[in-house]
Amino acid sequence: MTARYYGNHFGFQTRAVHTGNDVDLGTGAIKRPITMANSYELPYDPSVLNWSGADKNLYTRNGGSNQQYLQEKIASLEGGEDCIVLASGVGALSGLFFSLLESGDHVIFSDITYIAVYRLLNELLNHKFNIETSIVDTSNVNAVKDAIRSNTKLIHIETPGNPTLKVSDIKAIAEIAHQNNALLSVDNTFASPYNQRPIELGADFSIESLTKFINGHGDAMGGSITGKKEYLEVIRAQAQVNLGATISPFNAWLIMRGAVSFPLRMRQHNENALAAAEFLERHPGIRFVAYPGLPSHPNHEVAKRQMNGGYGGVLSFGLHADHDTHNRFVSYLRVITSAVSLGHDESLIVFLGENDERQYLYPEEFHQGFFRFSVGIEDIEDILEDLRQALEKAGL
Ligand SMILES: *Cc1c(COP(=O)(O)O)cnc(C)c1O
């Protein structure tokens, strides 16, 4: 069953609401149901089937209906030809790397990435499988150019990067990749497709942790890879059927539901995060604020060019204070919760201390410890007042 097609002549919000949903033919319900079943009925002669195929509903690890509905929606929002939705953002990243790379290939990746990317590329794939890797400051286009080798297969960037909010120029790096027969993947989780669409800027793959802004409610995990069919068919068969990172129907259904309000939430995240960043930057107790929407951000001009909806809901900052005062400040917060993850409806903050093993890759101001702050969609007055009173109690 294929849903009514909502092509790109419809607006982003219309597609967020409608794409992937349709009237359920069995019941007439105006929402497609959740299908909790591991197996699907086989044809008369099942011996002709490809048991490793991901193109037919056979067994839920090979794919199922709720996953397919969500894939339609995400592909449409990212402006991509095809999409695969998997169990988590890391499932999507490892699925891409394991499916695409072979021993002897070279990968360039951003010095600021989600920690699992650093582990996968810098520890697992290079040491165990002889994949060459280069950690590069991808905010510097010339550094990317200089790192290219004859066997460079993939450039993987994260922009804005977790946790320092470093920004890399997607369009310029896509050109470098393609001039050298390499592919570009972009982890788009911090921006989300509301603010930034890497495929439209020339990237081959856009990766999302659906766990974050797209689901937005802090209750389900998922990840997606969007890109060309020719690559995604391979990734689908490997990452899902053989590596087993299949999303559960229930999680796919929850994310489908969350994604309906994603553009509305994103507008509020953008607005609240900019207001919080401006408030913090003006406060004398704050040592630094990193947010791509601030003119003080070193890559603000690139961000302005490629982030069309806004600058996202995440910022980082540090206090003019010692280690313990950072923890005390968090203990005084009443609206903002101390927890990892980001892109949830509620504001979340995490103190990342001085001992991060990747500190050698962070700018100087991050070395004394800092907060990653995911600004939620609460009333901005309540968020700012929460910050103000906690700073005051902490003596700042
Ligand atoms: C959270 C996150 C991931 C990992 O996603 P999970 O759904 O937690 O596996 C990947 N990249 C970025 C930028 C993230 O913030």
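Under an unreviewed UniProt entry, the protein chain has the name homocysteine desulfhydrase and belongs to Sinanaerobacter chloroacetimidivorans. Recorded under Sequence similarities (unreviewed entry), the UniProt text for the protein chain is reproduced unchanged: "Belongs to the trans-sulfuration enzymes family."

**What to know about the site of the ligand**
Around the ligand there are 16 residues in total, and G89, D187, S209, T211 and K212 lie nearest to it. In this structure, an oxygen atom belonging to the ligand sits 2.9 Å away from a main-chain N or O atom of G89. Interatomic distance of 2.9 Å between a backbone N/O atom of V90 and an oxygen atom of the ligand. For the ligand, whose unbound accessible area comes to 390 Å², protein coverage reaches 95%. Top contributing element to the shell around the ligand by residue count: helix α3 (residues 89-100), with 3 residues.

**Some words on the sheet that holds strand β12 (residues 370-374)**
The 5 strands are arranged β8-β9-β12-β11-β10 in an open sheet whose pairing can be described as mixed. Looking at the sheet topology across the chains shown, the edges are occupied by β8 (286-290) and β10 (337-338).

**Side note on the packing of aromatic side chains**
Taken as a whole and assessed by the stated rule, the structure comprises 15 aromatic pairs. Plain terms: the ring middles of F205 and Y231 are 5.6 Å apart, the flat faces sit at 70° to each other, and that makes the pair edge-to-face. Of this pair, F205 sits in strand β6 (residues 205-209) while Y231 sits in helix α8 (residues 229-242), and the two are 26 residues apart along the sequence. Since its relative accessible area comes to 24%, Y231 is described here as partly exposed. Ring centres of F329 and F371 lie 5.3 Å apart, and the angle between their planes is 45°; this geometry places the pair in the tilted category. One end of the pair, F329, is in helix α12 (residues 323-331); the other, F371, is in strand β12, and 42 residues separate them in sequence. Taken together through their ring pairs, the aromatic side chains of F317, F329, F351, F371 and F373 make up a single cluster. Above the face of the Y69 ring, R32 is positioned so that its terminal group lies 3.9 Å from the ring centre.

**What about the side chain of H344?**
As for its placement among the helices and strands, H344 is situated in the loop between β10 and β11 (348-352). For H344, a relative accessible area of 11% gives the class buried. A distance of 2.9 Å separates the side chain of H344 from the side chain of S341, its partner in a polar contact. Those residues in contact with H344, other than ones at most four positions away along the chain, are T211, G216, G218, H269, S374 and G376.

**Here we look at the pattern of salt bridges**
Pairs can form between side chains of opposite charge once their charged atoms are near each other. Following the criterion strictly, the structure yields 12 salt bridges and no others. Notably, a salt bridge pairs R149 with E132, separated by 2.5 Å at the nearest N-O pair. Within this pair, whereas R149 is found in the loop between α5 (141-147) and β4 (152-158), its partner E132 is found in strand β3 (residues 132-136), the two being separated by 17 residues in sequence. On the basis of relative accessibility, which here comes to 32%, the residue E132 falls in the partly exposed class. Salt bridges sharing common partners tie together D111, D137 and K166.

**Some remarks on α3**
In this model, α3 (12 residues) spans 17 Å end to end at C-alpha, consistent with the 16 Å of a helix rising 1.5 Å per residue. Taking burial as the measure, the 12 residues of α3 include 10 buried ones, the bulk of the element. When we look at burial in α3, the residues that qualify are G89, G91, A92, L93, S94, G95, L96, F97, S99 and L100.

**Quick word on the sheet that holds strand β5 (residues 183-187)**
Reading across from one edge, β1-β7-β6-β5-β4-β2-β3 is the order of the 7 strands in this open sheet, with mixed pairing throughout. Two strands bound the open sheet, and with one partner strand each, they are β1 (82-86) and β3. Neighbouring strand axes in the sheet, compared pairwise and without regard to direction, differ in orientation by 20° on average. The pairing of strand β2 (residues 106-110) with β3 spans 5 bridges and is parallel. Looking at β3, one finds that V107 is bridged to T133. Across the sheet, α8 is in contact with β1, β5, β6 and β7 (223-227); its angle to β1 comes to roughly 20°.

**Regarding the domain arrangement of the protein chain**
Split into domains, the protein chain comes out as domain 1 (12-258) and domain 2 (262-393). Taking the mean C-alpha position of each, domain 1 and domain 2 sit 27 Å from one another. Opposite the 43 residues of domain 1 that make contact, domain 2 presents 41 residues. Counting the surface lost from both domain 1 and domain 2, the interface buries some 3,300 Å², and carbon and sulfur atoms represent 59% of this. Contact with domain 2 buries surface across domain 1, with Y194, N195 and F213 losing the most and accounting together for 22% of the total. Across the domain 1-domain 2 interface, the total number found is 2 salt bridges. When the shortest N-O distance is used, the salt bridge between E357 and R119 registers 2.7 Å. Where domain 1 touches domain 2, the interface holds 21 residue pairs in polar contact (both at pLDDT 80 or more). Those elements giving two or more residues to the side of domain 1 that touches domain 2 turn out to be α1 (12-18), α4 (115-129), α6 (170-179) and α7 (192-195).

Criteria and cut-off values
- Residues numbered from 1 in each chain as written.
- Predicted model: local features only at pLDDT ≥ 70, side-chain atom pairs only at ≥ 80, totals over all residues.
- Heavy atoms only, no water.
- UniProt positions renumbered as here; feature names shortened; annotations may be inferred.
- Near = heavy atom within 4 Å.
- Polar contact = N/O pair within 3.5 Å; in protein donor to acceptor, adjacent residues only side chain to side chain.
- Areas by Shrake-Rupley, 256 points an atom, 1.4 Å probe, with all protein chains shown as cover.
- Helix = DSSP H or I, 4+ residues; strand = E, 2+ residues; numbered from the N terminus.
- Pairing = 2+ DSSP bridges.
- Phe/Tyr/Trp six-rings, centres within 6.5 Å; stacked < 30°, edge-to-face > 60°.
- Buried < 20%, exposed > 50% of the residue type's maximum accessible area, 1.4 Å probe, protein only.
- Lys NZ or Arg CZ within 6 Å of the ring centre and 35° of its normal.
- Contact = heavy atoms within 4.5 Å.
- Salt bridge = Lys/Arg side-chain N within 4 Å of Asp/Glu carboxyl O.
- Expected span 1.5 Å × (residues − 1).
- Axes fitted to C-alpha atoms, helices over the stretch in contact; angles between N-to-C directions.
- Domains from an automatic or database assignment.
- Buried area = accessible area lost by both parts, 1.4 Å probe.

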